[in-house]
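# Secondary and tertiary structure notes
Each chain is listed here by its residues.
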Amino acid sequence: MFYVWFVCLLVGIALPLLSMVLEFFDNIFDFEFDFNFDIDFDFFPTSIKSICLGLFAYGATALITYHISKSVVLANILGGIVGYVFAIIAQNIMRYLKHNESYATDMGVVLFSEGVVVNKIAKNGLGVVKIEIPDVGIQTFTAREKDNNSIEQGTKVKVIALEDHRLVVELS
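What this report covers is the structure whose coordinates are included nearby. (Residues numbered from 1 in each chain as written. Predicted model: local features only at pLDDT ≥ 70, side-chain atom pairs only at ≥ 80, totals over all residues. Heavy atoms only, no water.)

## Concerning helix α3 (residues 48-69)
This is how the line gets drawn: Numbering of helices and strands runs from the N terminus; a helix is a DSSP stretch of H or I covering at least four residues, while a strand is a stretch of E covering at least two. Working rule for helices: expected span equals 1.5 Å times residues minus one.
Under the 1.5 Å per step criterion, the end-to-end length of α3 is 31 Å for 22 residues, consistent within 8% with the ideal 32 Å. Phi for Lys70, located one or two positions after α3, is positive at around 60°.

## Concerning the sheet that holds strand β4 (residues 156-163)
How we decide: By definition, two strands form a pair when at least two bridges between them are found by DSSP. Interaxial angles span 0 to 180 degrees and are taken between N-to-C directions of axes, which are lines fitted to C-alpha atoms, for helices over the stretch in contact.
Strand order around the closed barrel formed by 5 strands is β1-β2-β3-β5-β4, with mixed pairing between neighbours. Direction aside, the axes of adjacent strands within the sheet are offset by 55° on average. One ladder, built from 6 bridges, connects β4 with strand β5 (residues 166-171); its direction is antiparallel. When the bridges of β5 are listed, Glu163 appears paired with Arg166.

## Thoughts on the pattern of salt bridges
Pairs can form between side chains of opposite charge whenever their charged atoms are close. Formally: Every case where a carboxyl oxygen of Asp or Glu lies within 4 Å of a side-chain nitrogen of Lys or Arg is listed as a salt bridge. Relative accessible area decides the class of each residue, using a 1.4 Å probe on protein chains only: under 20% of the type maximum gives buried, over 50% gives exposed, and in between gives partly exposed.
Within the structure shown, the criterion is met by 3 salt bridges. A salt bridge links Glu152 to Lys120, with the nearest nitrogen and oxygen atoms 3.3 Å apart. Of the two residues, Glu152 sits in the loop between β3 (137-145) and β4 while Lys120 sits in the loop between β1 (114-119) and β2 (127-133), which places them 32 residues apart along the sequence. A salt bridge links Glu163 to Arg144; the shortest N-O distance between them is 2.9 Å. Of this pair, Glu163 sits in strand β4 while Arg144 sits in strand β3; the two residues are 19 residues apart in sequence, bridging distant segments of the chain. Assessed through its relative accessible area of 36%, Glu163 is described here as partly exposed.

Shown next, in the form of structure tokens:
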């Protein structure tokens, strides 16, 4: 059994590493089985990445358990449980990240918007402006005044340009 656990450990770590190094299996690792059923299979790891993590966790847990207890049965049971749990957790995290859209703001959306200075914009320096963006909410941005003058906290400003991922603002 030692060799089976060791192979699971190696396969669980070697395939993802090999895919990163060679970028050979990149499209394979984004694959997820689709069973075309109305049942949600959240309890069953269906992606190659989650299966690799499960194999790694199974092999590592079984090896450690066997070295501590010298019981093959206990090592297999505990390794199987830990591997399964890790695979399911990884599967659900990856599914969540894959299916939830990012709310990263397109900087073009803030152009010509109005906001409020949150941290004073220093003369010849930077400050922070908060702007409410529809469907996203309130976001803060680093900003400077167009003529490098200072603007006090709480002052309403209008965004007139974007420079190096910073807002250029003027009094509104």
